[in-house]
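Structural characterization, general
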Amino acid sequence: MILPAAVLGLLALAPSAAEAPPPYSGRESRVRVALPRLDDQVTVDGVLDEPAWERAARLVGFSQYAPVDGRPADEETEVLVWYSPSAIHFGIRAHALPGTVRASLANRDRLEAEDQVQIFLDTFHDGRQALMFAVNPLGVQADGALIEGTRTQGGSFSGLASGREEPDLSPDFVFDSKGRLTAEGFEVEVRIPFKSLRYQSAPRQDWGLSVIRRVQSSGHEDSWTPARRASTSFLAQAGTLEGISDLHPGLILDLSPVVTAKADGAPAAGGWAYDSGAPEVGGNVRWGVTNNLTLNGTVNPDFSQVEADASQFTFDPRSALFFPEKRPFFLEGIEQFTTPNNLIYTRRVVAPVGAARLTGKAAGTRVAALIAVDGEEASASGRDHPLFGILRLQRDVFGHSRLGFAYTDRTDARASNRVAEVDAHLAFASLYTLDLQAALSRTRREDVRTAPLWYAVLARNGHRFGFRYALTGLHPDFRAESGFINRGAIARANLDHRLTFFGADGGWWESLSSDVVLDGIWRYHAFARGPALERKLHFNNNATLRGGWKAGASVLVEDFAYDPDLYSDYALAGGSSGRPEVLPFRGTPHLHNLDYVLTGSTPEFSKLSATLQYIWGRDENFFEWSAAAIKYLTLTADWRPTDQVRVSPQYQLQGFDRKSDGSTVGVRRIPRLKVEYQLSRSIFFRVVGEYDANRRDALRDDSRTELPVLIRDAAGVYQPAGVEERNRFRVDWLFSYQPRPGTVVFAGYGSTLTEPEALRFRDLRRASDGFFLKLSYLFRM
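About the cut-offs
Numbering of residues begins from 1 in every chain and follows the order in which that chain's sequence is written. Local features in this predicted model are restricted to residues of pLDDT 70 or higher, and side-chain atom pairs are both shown and tallied only at a pLDDT of 80 or more, whereas totals for entire chains, interfaces and linings draw on every residue. The side-chain quantities take in all heavy atoms of the structure and omit both hydrogens and water. In this text, helices come from DSSP runs of H or I with a minimum length of four residues, and strands from runs of E with a minimum of two, each type numbered from the N-terminal end. For the radius of gyration, the atoms used are the C-alpha atoms, and the globule rule reads 2.2 Å times the number of residues raised to 0.38. What makes two residues a contact is simply this: any of their non-hydrogen atoms within 4.5 Å. Residue-level accessible areas treat just the shown protein chains as cover; the underlying method is Shrake-Rupley with a 1.4 Å probe. For two strands to be treated as a pair, DSSP must find no fewer than two bridges joining them. The axes used here are C-alpha line fits, helices contributing only the stretch in contact, and every angle between their N-to-C directions lies in the interval 0 to 180 degrees. Nonpolar cores were defined as sets of buried Ala, Val, Leu, Ile, Met, Phe, Trp, Tyr and Cys residues, with membership established by side-chain atoms within 4.5 Å. The cut-offs for exposure are 20% and 50% of the maximum accessible area for each residue type, with area from a 1.4 Å probe on protein chains only; residues under the lower value are buried, those over the upper are exposed, and the others partly exposed. Criterion for a salt bridge: a side-chain nitrogen of Lys or Arg within 4 Å of a carboxyl oxygen of Asp or Glu. Two aromatic rings from Phe, Tyr or Trp, using only the six-membered ring of Trp, form a pair when their centres are within 6.5 Å; if the ring planes differ by under 30 degrees the pair is stacked, by over 60 it is edge-to-face, and anything between is tilted. Here, over-ring charges are defined by two tests on the NZ atom of lysine or the CZ atom of arginine: distance to the ring centre within 6 Å, and angle to the ring normal within 35 degrees. Here the term patch refers to residues with relative accessible area over 30% and no salt bridge, with like charges joined within 9 Å and nonpolar side chains (Val, Leu, Ile, Met, Phe, Trp, Tyr) within 5 Å. Two N or O atoms form a polar contact when they lie within 3.5 Å of each other; inside protein one atom must be a possible hydrogen donor and the other a possible acceptor, and for residues adjacent in sequence the pair counts only when both atoms belong to side chains.

1. A word on the overall build of the protein chain
- Helix and strand counts for the protein chain come out as three helices and 44 strands.
- Taking 28 Å as the expected radius of gyration for a compact globule of 781 residues, we find that the protein chain reaches 29 Å, a close match to that expectation.
- Seen along its three principal axes, the alpha-carbon backbone of the protein chain occupies a region of about 125 × 65 × 55 Å.
- For the protein chain, the share of sequence-separated contacts (at least 6 apart) that also reach a separation of at least 24 residues comes to 63%.
- As displayed, the protein chain has an accessible area near 34,700 Å², and 58% of this comes from carbon and sulfur atoms.

What follows is the structure, encoded as structure tokens:
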């Protein structure tokens, strides 16, 4: 049969099955992508040459997002997307000038110095939360989660941040990636199994997608969608992958048996002895109850860390130091437990014998629940097992707003602490957010005490002008034994105003932000009607220069009132030598401070990057409550002599010199060196050395009488506050084999040494050491 010529002409114009679909340009807002579903099987090798990639959706038209949004991207980026019944696939083609690509065999989640592409998948399409999958040009992975509205600001010298929040890199997901350098730049291939995701239960669904490319040679971030920094939400500006259907992830069941062994060394009669004990066996299980709910359980888990926490300076002895969670069981889904004021802090669970966790989203409500039985060493009596119960619920309302509820319960024999709270994150008028929180704690010890916490923040995230007004109050009896309270028994008001200027395209400076901060702290019951404990006026200036250089300068004007509660154990040694007398300690009513701050950071050069922070001026000497000439210095560097070696030195200095005579009342120096050798993507060796040299002079009443200071000990006896010196050197070695999350071999050794004179390395003596081994294997059903 001969077809009419008109029909033949129409058939000639129709696209073939293998012809590439039209591209989806990110220059258009609210881009909707018809995502092709293919039954093809591909090899994740970093070469996009299979037929499936010719039929994938093509995402093009990237524009600059940071430091200045809306400008054209310097280099072209193309992202190919399609999905099969069991996984979603991404192919990345990134153009770059010769010699400008930053790529090495970095460790997982350590891509700060690397060129990278970040994929944000909003699988519930609510514009509030997303999983993040990042790859460098060689396919080295980083991953995490972003729930918007959980960032806390204030208190830093970098001023108010604008633009998107950074994802939490704690969670680890199983996905495949491989990349390679090309003559035009680089190509990366990514396969994300649906087993690793939580998503809607609808038979046909849409997902949100944002893609960010970081170019280290310029310091720029490019975005596929035309996202604007002046917005209450980055995820709400995402594109849409539409028509996703007929997903077959299969049974979602992960089993991870774990075997650990350790030997701790300590001085013993006649030498050195190790307490090894028998190896311990435990296990973890992860079960996908539904597509959007996951149940995790663990029995006799290994909750050790493979790297010791880096030492931190204490700027104010009334403020506790925060150390992030690093233990694997707690990391998955940890972003779901986030609350304002850290009312949930999983490191309060010290060494559990068993725990279970449920996380996910159902009927528009995010659910996170945790039950844990802690070890006897965490009990006040040393004989009981504290029980933790934690619940966190978050409900999406009013566009991109959210309501939340949390309840925590820690019971230790007859003692208990329970906290209930409600919070809200309200976004409105495209630039404004209002965060509210009210909490009540009930603590049973010798008696029962109930106390409140309240919190309110109004913020504007404008392109040029922004502000943040915050009020916080914590009753003296408020306790959160399942959370982290930095400083209690206070009320605080903080007002921050930011003004940002932008340079010309291609100019030597790209942005300059200046902000003025007013901050006041009162005793809780004296808020708004009594004298303030602290009054601060800060002037901060921060600039981003062409090529990725950053610099900042601040002036800090402060007034600190004497806090008698902090010095309740202080007294003075008075009287004559024959008739000693204990006199009360009375500090100077007010200390007036004037400090200066300089900060700076280099671009991520191909081999080196560095940062600097230096604070100096007149500030409080908390040792004796008097004025002091202070200096704080933090220097960091990251040297990459080869693609497999990373050397990271850091030096911290904290010093206090008396204003009266210039003598040093306290000095602390912490040099730290970390060296990593990445043999392959899954194998690396690491050694960390840290020296902590801390010296305090004999204390005296420097601001008033010059009499020696006495400090009451635990037995209630006043003792002279003489010279104290501690010099500790810690070395940790680690071999790591981690082909994918859940399958690991860790073998390490750590040793702590001390010496009488700081940084001499002549009379070091071992104080403790230990060997450890951890074996785990992920069985994915």
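2. What to know about the sheet that holds strand S6 (residues 87-95)
- The strand order across the open sheet formed by six strands is S1-S3-S5-S6-S11-S10, and the pairing between neighbours is mixed. Each edge of the sheet is formed by a strand with only one pairing partner; in this case those strands are strand S1 (24-25) and strand S10 (176-181).

3. Some thoughts on unusual backbone geometry
- Of note, the amide linkage connecting alanine 66 to proline 67 takes the cis form, showing an omega dihedral of 5°.
- Residue placement: proline 67 occurs in the loop between strand S4 (63-66) and strand S5 (77-83).
- The phi dihedral of serine 430 is positive, around 65°, even though this residue is not glycine.
- Looking at the secondary structure, you find serine 430 in the loop between strand S23 (415-428) and strand S24 (432-444).
- Residues other than glycine seldom take positive phi values, yet tryptophan 625 does so here, at roughly 50°.
- Relative to the helices and strands, tryptophan 625 is located in the loop between strand S34 (608-621) and strand S35 (626-639).

4. Focus: the sheet that holds strand S40 (residues 718-720)
- Taken together, four strands build an open sheet; the order of strands is S32-S31-S39-S40 and the sheet is antiparallel. Among the strands making up the open sheet, the edge pair consists of strand S32 (580-584) and S40. Pairwise comparison of adjacent strand axes, ignoring direction, gives a mean angle of 45° for this sheet.
- Of the strand pairs in this sheet, strand S39 (residues 709-712) and S40 are connected by three bridges, and their pairing is antiparallel. Among the inter-strand pairings, leucine 710 is bridged to a residue of S40, identified as proline 720.

5. Focus on the nonpolar core
- In this structure, Ile88, Phe90, Leu121 and Trp207 are the most contacted members of the largest nonpolar core, which totals 38 residues.
- Listing elements by their share of this core, those giving two or more residues are strand S3 (57-60), S5, S6, strand S7 (116-122), strand S8 (129-135), strand S11 (185-193), strand S12 (204-215) and strand S14 (239-245).
- If we skip the residues at most four places from it in the chain, leucine 121 touches Ile88, Phe90, Ala130, Leu131, Phe133, Ile192, Leu197, Trp207, Gly208, Leu209 and Leu241.
- Counting residues in each nonpolar core, the second largest holds 22 residues, with Tyr567, Val597, Tyr632 and Ala721 among its members.

6. Here's the deal with the pattern of salt bridges
- For the structure on display, the rule yields 64 salt bridges.
- The salt bridge partner of aspartate 569 is arginine 712, with a shortest N-O separation of 2.9 Å. Of the two residues, aspartate 569 sits in the loop between strand S30 (550-561) and strand S31 (570-575) while arginine 712 sits in strand S39, which places them 143 residues apart along the sequence.
- Overall, the relative accessible area of 33% leaves aspartate 569 in the partly exposed class.
- Taking the shortest distance from any N to any O, the salt bridge between arginine 700 and aspartate 661 comes out at 2.6 Å. With arginine 700 in the loop between strand S38 (683-696) and S39 and aspartate 661 in the loop between strand S36 (645-658) and strand S37 (664-678), this residue pair connects regions lying 39 residues apart in the sequence.
- When salt bridges that share partners are traced, they join Asp316, Arg318, Arg487, Arg523, Glu534, Lys536 and Asp563 into one network.

7. A word on the packing of aromatic side chains
- One pass over the full model with this rule turns up 41 aromatic pairs.
- Centre to centre, the rings of tyrosine 567 and tyrosine 570 are 5.0 Å apart; their planes meet at 85°, and the pair counts as edge-to-face. There is no split in this pair, since tyrosine 567 and tyrosine 570 are both buried.
- Of the aromatic side chains, those joined through ring pairs into one cluster are Tyr562, Tyr567, Tyr570, Phe585, Phe622 and Trp625.
- For the cation-ring pair, arginine 229 lies above tyrosine 65, with the distance from its terminal atom to the ring centre recorded as 5.3 Å.
- Here arginine 357 stacks its cationic end above the ring of phenylalanine 329, 4.5 Å away from the centre of that ring.

8. Observations concerning a nonpolar patch on the surface
- A surface patch of nonpolar side chains, about 760 Å² in accessible area, is lined by Leu251, Leu255, Val285, Trp287, Val289, Leu295, Tyr777, Phe779 and Met781.
- Residue contributions to the nonpolar patch peak at three residues, all from strand S17 (residues 280-290).
- Its place among the elements puts leucine 251 in the loop between S14 and strand S15 (253-268).

9. Some thoughts on the environment of leucine 181
- The topology assignment puts leucine 181 in strand S10.
- In contact with leucine 181, other than residues within four places in its own chain, are Val101, Ala103, Pro137, Leu138 and Phe186.

10. As for the pairing of S17
- Bridge count for S15 against S17 is eight bridges, and the pairing is antiparallel. From the neighbouring strand, serine 256 faces S17, where its bridge partner is asparagine 284.
- Sheet analysis places S17 next to strand S18 (residues 293-299), joined by seven bridges and oriented antiparallel. Pairing of tryptophan 287 across the sheet is with leucine 295, part of S18.
- Hairpin remark: S17 followed by S18, antiparallel, with two residues in the connecting loop.

11. Details of the environment of lysine 674
- Its location among the elements puts lysine 674 in strand S37.
- It is 5.0 Å that separates the C-alpha atoms of lysine 674 and serine 648, two residues lying 26 residues apart in sequence.

12. Looking at the pairing of strand S27 (residues 490-502)
- Looking at chain direction, strand S26 (residues 465-474) and S27 are connected through nine bridges and run antiparallel. The partner of arginine 468 across the bridge, within S27, is aspartate 496.
- Counted along the chain from S27 to the antiparallel partner strand S28 (residues 509-523), the turn is six residues long, and its residue glycine 506 has a positive phi close to 85°.

13. Here's the deal with the side chain of glutamine 205
- Inspection of the secondary structure puts glutamine 205 in strand S12.
- Of the residues examined, glutamine 205 reaches a relative accessible area of 5% and is grouped as buried.
- Here the side chain of glutamine 205 touches glutamine 200 through a polar contact of 3.2 Å, landing on its backbone oxygen.
- A distance of 2.8 Å separates the side chain of glutamine 205 from the side chain of tryptophan 207, its partner in a polar contact.
- In this view, glutamine 205 contacts Thr123, Tyr199, Gln200, Leu241, Glu242, Gly243 and Ile244; residues no more than four positions away in its chain are not counted.

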